[in-house]
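Residue-level structure breakdown
Here are the chains, one letter per residue:
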Amino acid sequence: VQLVESGGGLVQAGGSLRLSCIASGLTFSAYTMGWFRQAPGKEREFVAAIGRSGGNTAYADSVKGRFTISRDNAKNTVYLQMNSLKPEDTAVYYCAADFNGAGTLEINPFKYNYWGQGTQVTVSS
(Lines give C-alpha, C1' and ligand atoms only; values in the text may rest on other atoms or scores of the structure.)
Protein backbone atom coordinates (compact mmCIF):
# COMPACT_ATOMS: atom_id res chain seq x y z
CA VAL A 1 0.00 0.00 0.00
CA GLN A 2 1.27 3.43 -0.89
CA LEU A 3 -0.19 6.89 -0.33
CA VAL A 4 1.61 9.76 -2.03
CA GLU A 5 0.75 13.37 -1.24
CA SER A 6 1.55 16.33 -3.45
CA GLY A 7 0.61 19.98 -3.85
CA GLY A 8 2.22 21.50 -0.79
CA GLY A 9 4.33 24.62 -0.93
CA LEU A 10 4.81 28.18 0.24
CA VAL A 11 1.87 30.56 0.01
CA GLN A 12 0.98 33.95 1.44
CA ALA A 13 -1.77 34.33 3.99
CA GLY A 14 -5.13 34.44 2.27
CA GLY A 15 -3.94 32.26 -0.57
CA SER A 16 -4.99 28.78 -1.65
CA LEU A 17 -3.45 25.39 -2.21
CA ARG A 18 -4.85 22.07 -3.38
CA LEU A 19 -3.35 18.92 -1.95
CA SER A 20 -3.69 15.56 -3.68
CA CYS A 21 -3.09 12.06 -2.39
CA ILE A 22 -2.88 9.13 -4.80
CA ALA A 23 -3.38 5.66 -3.33
CA SER A 24 -2.16 2.36 -4.70
CA GLY A 25 -2.12 -1.23 -3.51
CA LEU A 26 -5.55 -1.09 -1.90
CA THR A 27 -9.20 -1.06 -2.90
CA PHE A 28 -9.51 2.70 -2.60
CA SER A 29 -13.31 2.83 -2.57
CA ALA A 30 -13.37 0.56 0.49
CA TYR A 31 -11.51 3.09 2.64
CA THR A 32 -12.53 6.21 4.49
CA MET A 33 -9.85 8.82 3.78
CA GLY A 34 -8.56 11.51 6.07
CA TRP A 35 -6.20 14.47 6.11
CA PHE A 36 -4.14 15.27 9.18
CA ARG A 37 -1.44 17.81 9.89
CA GLN A 38 1.45 18.19 12.26
CA ALA A 39 3.24 21.40 13.11
CA PRO A 40 6.69 21.44 14.74
CA GLY A 41 6.46 20.56 18.41
CA LYS A 42 2.77 19.69 18.19
CA GLU A 43 0.79 16.48 17.99
CA ARG A 44 -0.70 15.27 14.75
CA GLU A 45 -4.21 16.69 14.44
CA PHE A 46 -7.28 15.86 12.43
CA VAL A 47 -8.13 18.16 9.53
CA ALA A 48 -10.83 16.45 7.46
CA ALA A 49 -12.27 13.07 6.51
CA ILE A 50 -14.47 11.74 3.75
CA GLY A 51 -16.57 8.61 3.50
CA ARG A 52 -16.07 5.81 1.01
CA SER A 53 -18.46 7.18 -1.59
CA GLY A 54 -17.69 10.81 -0.87
CA GLY A 55 -21.18 11.45 0.39
CA ASN A 56 -20.22 12.40 3.93
CA THR A 57 -17.47 14.62 5.23
CA ALA A 58 -16.15 15.95 8.52
CA TYR A 59 -13.90 18.87 9.36
CA ALA A 60 -11.96 20.23 12.28
CA ASP A 61 -13.50 23.45 13.57
CA SER A 62 -10.30 25.31 12.75
CA VAL A 63 -10.67 24.66 9.00
CA LYS A 64 -14.44 24.49 8.58
CA GLY A 65 -15.60 26.84 5.85
CA ARG A 66 -12.08 27.23 4.44
CA PHE A 67 -11.04 23.67 3.50
CA THR A 68 -12.89 21.15 1.35
CA ILE A 69 -12.14 17.46 1.13
CA SER A 70 -13.18 15.45 -1.92
CA ARG A 71 -12.31 12.19 -3.62
CA ASP A 72 -12.33 10.59 -7.04
CA ASN A 73 -12.59 6.84 -6.67
CA ALA A 74 -11.92 6.31 -10.38
CA LYS A 75 -8.53 7.97 -9.90
CA ASN A 76 -7.79 6.55 -6.44
CA THR A 77 -7.25 10.11 -5.30
CA VAL A 78 -8.35 12.26 -2.38
CA TYR A 79 -8.02 16.05 -2.43
CA LEU A 80 -7.87 18.85 0.10
CA GLN A 81 -8.72 22.28 -1.26
CA MET A 82 -7.41 24.88 1.17
CA ASN A 83 -8.60 28.48 0.85
CA SER A 84 -8.07 31.58 2.97
CA LEU A 85 -4.92 30.07 4.39
CA LYS A 86 -3.54 31.40 7.65
CA PRO A 87 -0.02 31.21 9.13
CA GLU A 88 -1.36 28.80 11.75
CA ASP A 89 -2.16 26.34 8.94
CA THR A 90 1.58 25.83 8.47
CA ALA A 91 2.34 22.13 8.98
CA VAL A 92 3.19 18.88 7.29
CA TYR A 93 -0.04 17.51 5.85
CA TYR A 94 -0.64 13.76 5.70
CA CYS A 95 -3.31 11.70 4.04
CA ALA A 96 -4.43 8.47 5.66
CA ALA A 97 -6.67 5.52 4.85
CA ASP A 98 -9.06 3.84 7.30
CA PHE A 99 -10.56 0.45 6.50
CA ASN A 100 -13.78 1.06 8.37
CA GLY A 101 -16.60 -1.37 7.82
CA ALA A 102 -19.04 0.90 9.60
CA GLY A 103 -18.20 3.83 7.34
CA THR A 104 -17.79 6.22 10.26
CA LEU A 105 -15.48 9.20 9.90
CA GLU A 106 -12.67 8.89 12.40
CA ILE A 107 -10.81 11.85 13.85
CA ASN A 108 -8.44 9.68 15.88
CA PRO A 109 -5.23 9.14 13.88
CA PHE A 110 -4.66 5.78 15.55
CA LYS A 111 -7.77 4.45 13.78
CA TYR A 112 -6.13 4.84 10.36
CA ASN A 113 -4.34 1.91 8.77
CA TYR A 114 -2.10 3.56 6.17
CA TRP A 115 -0.29 6.91 5.92
CA GLY A 116 1.48 8.94 3.30
CA GLN A 117 4.88 10.55 3.76
CA GLY A 118 3.46 14.04 4.09
CA THR A 119 3.74 17.30 2.18
CA GLN A 120 4.86 20.61 3.68
CA VAL A 121 2.52 23.58 3.66
CA THR A 122 3.96 26.91 4.74
CA VAL A 123 1.81 30.03 4.99
CA SER A 124 3.64 33.32 5.34
CA SER A 125 2.12 36.34 7.02
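Residues numbered from 1 in each chain as written. Predicted model: local features only at pLDDT ≥ 70, side-chain atom pairs only at ≥ 80, totals over all residues. Heavy atoms only, no water.

Remarks on the environment of Gly-15
Rules: Comment: elements are numbered from the N terminus, with helices defined as DSSP H or I runs of at least four residues and strands as E runs of at least two. For each residue, the accessible area found with a 1.4 Å probe, counting protein chains only, is set against the maximum for its type, and the residue is called buried under 20%, exposed over 50%, and partly exposed in between. Between two residues, a contact is recorded if the distance between any of their heavy atoms is within 4.5 Å.
Along the chain, Gly-15 turns up in the loop between strand S2 (9-12) and strand S3 (17-24). Here Gly-15 falls in the buried class, since its relative accessible area comes to 18%. Residues Gly-15 and Asn-83, spaced 68 residues apart in sequence, show a C-alpha to C-alpha distance of 6.2 Å. Residues in contact with Gly-15, not counting those within four places in the same chain, are Met-82, Asn-83, Ser-84 and Leu-85.

Re the side chain of Ser-20
Tracing the backbone shows Ser-20 in strand S3. Each residue touching Ser-20, except ones within four places of it in the same chain, is listed here: Val-4, Glu-5, Ser-6, Trp-35, Thr-77, Val-78 and Tyr-79.

Let's talk about the state of the cysteines
Here is the rule: When the sulfur atoms of two cysteines come within 2.5 Å, that pair is taken as a disulfide.
Per the counting criterion, the structure on display carries one disulfide. Here Cys-21 engages in a disulfide with Cys-95; their sulfurs sit 1.9 Å apart. Taking the torsion about the sulfur-sulfur bond, which here is approximately 40 degrees, the covalent link between Cys-21 and Cys-95 counts as right-handed. Of this pair, Cys-21 sits in strand S3 while Cys-95 is found in strand S9 (residues 91-98), placing the two residues 74 residues apart along the sequence.

Quick word on the side chain of Asn-100
Here is the rule: Residues adjacent in sequence count toward polar contacts only when both atoms are side-chain atoms; beyond that, a polar contact is any pair of N or O atoms within 3.5 Å, and within protein one must be able to donate a hydrogen and the other to accept it.
Checked against the element boundaries, Asn-100 lands in the loop between S9 and strand S10 (114-115). For Asn-100, a relative accessible area of 10% translates into the label buried. A polar atom in the side chain of Asn-100 sits 2.9 Å from the backbone nitrogen of Ala-102.

Overview of the sheet that holds strand S8 (residues 77-82)
Heads up, the condition is: Strand pairing requires that DSSP identify at least two bridges connecting the strands. Angular values range over 0 to 180 degrees, each being the angle between N-to-C directions of two axes fitted as lines to C-alpha atoms, with helices fitted over their stretch in contact.
As summarised here, the arrangement of the four strands in space is S1-S3-S8-S7, forming an open sheet in which the pairing is antiparallel. Of all the strands in the sheet, just strand S1 (2-6) and strand S7 (67-72) have a single pairing partner and so form its edges. Mean inter-strand twist for the sheet, computed between neighbouring axes without regard to direction, equals 15 degrees. With five bridges connecting them, S1 and S3 associate as antiparallel partners. What sits directly across from Leu-3, in S3, is Ala-23.

Overview of the nonpolar core
Basically, it comes down to this: By nonpolar core we mean a set of buried residues, namely Ala, Val, Leu, Ile, Met, Phe, Trp, Tyr and Cys, connected to one another through side-chain atoms within 4.5 Å.
Ranked by internal contacts, the top residues of the largest apolar core, which has 34 residues, are Trp-35, Val-78, Leu-80, Met-82 and Tyr-93. Those elements giving two or more residues to this core turn out to be S3, strand S4 (32-38), strand S5 (45-50), S7, S8, S9 and strand S11 (119-124). Dropping the residues within four chain positions of it, Tyr-93 is found in contact with Glu-5, Leu-19, Trp-35, Phe-36, Arg-37, Val-47, Phe-67, Leu-80, Met-82, Gly-118, Thr-119 and Val-121.

Observations regarding the packing of aromatic side chains
Pairs of aromatic rings are described using the distance from one ring centre to the other and the angle between the two planes. Note the following rule: Pairing of aromatic side chains here covers Phe, Tyr and the six-membered ring of Trp, requires ring centres within 6.5 Å, and sorts the geometry by plane angle: under 30 degrees stacked, over 60 edge-to-face, intermediate tilted. For a ring to carry a charge above it, either NZ of a lysine or CZ of an arginine must fall within 6 Å of the ring centroid while also lying within 35 degrees of the normal to the ring plane.
In total, this model carries seven aromatic pairs according to the counting rule given. Judged by centre distance (6.1 Å) and plane angle (55 degrees), the ring pair of Tyr-31 and Tyr-114 falls under tilted. One end of the pair, Tyr-31, is in the loop between S3 and S4; the other, Tyr-114, is in strand S10, with 83 residues separating them in the sequence. Owing to a relative accessible area of 10%, Tyr-31 belongs among the buried residues under this scheme. Summarising the aromatic geometry, the rings of Phe-36 and Trp-115 are spaced 5.0 Å apart at their centres and angled 55 degrees between planes, so their arrangement reads as tilted. Linking Phe-36 in strand S4 with Trp-115 in strand S10, this pair joins segments that are 79 residues apart in sequence. Classification of Phe-36 by relative accessible area gives buried; the value is 0%. Trp-115 sits in the partly exposed class, given a relative accessible area of 28%. Here the aromatic cluster, defined as three or more aromatic residues joined through ring pairs, consists of Phe-36, Phe-46, Tyr-94, Tyr-112 and Trp-115. Taking the ring centre of Phe-28 as reference, the NZ or CZ of Arg-71 above it sits at 4.4 Å.

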